[in-house]
Amino acid sequence: QSVVEQGRNAREKRNISLRTPVKQVVTIIRNPSSNVVDAITGPLKKYILSELNAWEFTVVPKEQQHDWVTLSLTPDFKVLGKKLGKKMKAVQTAVQGLSHDEAVKVLEDGKVVIEEVELDAKTELVSKLAFSKAGDNWEATESADGACVIAVDCTQDAAIISSGMSRELINHIQQLRKAAGLDLKDIVEVFFREEEGITSTEDAVAMNVEMLGSKFRGSVPLPERLAPSWSVPLKSDTVDVGGSKVTVSV
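Colleague: Just checking my understanding: could you explain the overall build of the protein for this structure?
Modeller: Looking only at helices and strands, the protein features nine helices and 12 strands. Relative to the compact-globule value of 18 Å for 250 residues, the protein shows a C-alpha radius of gyration of 26 Å, a clear excess of over 25%. Dimensions of the protein along its principal axes, counting C-alpha atoms only, are 90 × 35 × 30 Å. Within the protein, the proportion of its 250 residues that are buried is 40%. Intrachain contacts of the protein at a sequence separation of at least 6 include 69% that bridge at least 24 residues. When the accessible area of the protein is evaluated, it comes to approximately 14100 Å², of which 50% is carbon and sulfur surface. Counting 31 positive and 36 negative side-chain charges, the protein places the centres of these two groups 5 Å from one another.

Below, the structure is given as structure tokens:
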């Protein structure tokens, strides 16, 4: 659930509606257990993809995490106050100056010696992951404890935009079918009319014929100009698809 919540927060930062799909969601987890990784890449993967409306979901392997995040360490002053005394400032500077790889090694070793003082990585140091991958197409959120970073590929190319519009159209058609009293098994033709000079919905349908066909049992929505003269609409409505007004009829 944390992955889903962080992913939604990342989408909200870019004002991307959940109706619009995103290409990829990437998870970076500090010291994840095999059970957690197996769960979110196995049984829970379909749920995560659905909740975040994403095409792909991956967990970054430990050996590749340095390409995505920076691990930082900070002394836990509440615990180390008396132990460090006058060395506090020097230890703080040294610990916070560790590189990503050095910080990873400290966590792996479970300890580090600075200013002749041994620090326990689990009880005396606070670790945190921060997203650092270059590229304007990425938006990320970090968990409160700094143990997990969720990054969303916010690229909005033609494929993504058309897919989002097709999903909007599907939603409107389903509402019209319901209003017309149709059952799921009923197969009807669907036609749509866009404003003059606009073909964005037609273009989106053309790019997502397979998805629309599978949703409506082979009946792909068509431009109204292709409707036969004897067709009789059961229900129609003017709706918003991708920011344009479209009249849809079933």
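Colleague: Could you clarify how one ought to interpret the pairing of strand β4 (residues 111-114) in this entry?
Modeller: It is a general feature of regular strands that their side chains alternate between the two faces of the sheet. Burial along β4 is one-sided: V112 and I114 are buried, and none of K111 and V113, which face the opposite way, are. When β4 meets strand β5 (residues 117-120), the two strands line up antiparallel, connected through four bridges. Opposite I114, over in β5, you have V117 as the bridge partner. What sits between β4 and β5 in their antiparallel hairpin is a turn of two residues, with E115 showing a positive phi close to 55 degrees.

Colleague: Mind showing me how you'd approach the packing of aromatic side chains here?
Modeller: The geometry of an aromatic ring pair is captured by two quantities: the separation of the ring centres and the angle between the planes. Per the stated rule, a full pass over the model turns up two aromatic pairs. Between W68 and F131 the ring centres are 6.4 Å apart and the planes differ by 50 degrees, which places this aromatic pair in the tilted class. Highlighted residues: W68 in the loop between β2 (54-59) and β3 (69-75) and F131 in strand β6 (residues 125-131), separated in sequence by 63 residues. The interplanar angle of 85 degrees and the centroid separation of 5.0 Å between the aromatic rings of W68 and W138 together place this pair among those described as edge-to-face. Of this pair, W68 sits in the loop between β2 and β3 while W138 sits in strand β7 (residues 138-142), and the two are 70 residues apart along the sequence. Given the relative accessible area of 10%, W138 is considered buried. Through successive ring pairs, a cluster of aromatic residues spans W68, F131 and W138.

Colleague: It is not clear to me how the packing of helix α7 (residues 158-179) against helix α8 (residues 200-207) should be interpreted in this structure. Could you clarify?
Modeller: Packed helices, taken two at a time, are described by the angle between their axes plus the distance between the axes. The N-to-C vectors of α7 and α8 enclose an angle of 100 degrees; their axes lie 8 Å apart at closest approach. Looking at the two axes, α7 sits roughly perpendicular to α8. Judged by residue contacts, A158, A159, S162, M165, S166 and L169 of α7 engage S200, T201, A204, V205 and M207 from α8.

Colleague: It is not clear to me how the sheet that holds β7 should be interpreted in this structure. Could you clarify?
Modeller: Strand pairing in a sheet is mediated by backbone hydrogen bonds. Such pairs are either parallel or antiparallel. Pairing is mixed in the open sheet, where four strands are placed in the order β2-β1-β8-β7. Bordering the open sheet on either side are β2 and β7, each of which pairs with just one other strand. Within this sheet the neighbouring strands show an average axis-to-axis angle of 20 degrees, counted without direction. Of the strand pairs in this sheet, β7 and strand β8 (residues 148-153) are connected by five bridges, and their pairing is antiparallel. When the sheet's bridge partners are listed, E142 is paired in β8 with V149. Contacts from helix α1 (residues 2-13) reach β1 (22-29), β2, β7 and β8, with the element oriented near 135 degrees to β7.

Thresholds applied
Residues numbered from 1 in each chain as written. Predicted model: local features only at pLDDT ≥ 70, side-chain atom pairs only at ≥ 80, totals over all residues. Heavy atoms only, no water. Helix = DSSP H or I, 4+ residues; strand = E, 2+ residues; numbered from the N terminus. Rg over C-alpha atoms; globule rule 2.2 N^0.38 Å. Buried < 20%, exposed > 50% of the residue type's maximum accessible area, 1.4 Å probe, protein only. Contact = heavy atoms within 4.5 Å. Areas by Shrake-Rupley, 256 points an atom, 1.4 Å probe, with all protein chains shown as cover. Lys, Arg positive; Asp, Glu negative; His and termini not counted. Charge placed at Lys NZ, Arg CZ, Asp CG, Glu CD. Pairing = 2+ DSSP bridges. Phe/Tyr/Trp six-rings, centres within 6.5 Å; stacked < 30°, edge-to-face > 60°. Axes fitted to C-alpha atoms, helices over the stretch in contact; angles between N-to-C directions. Parallel < 35°, antiparallel > 145°, perpendicular 65-115°, else oblique.

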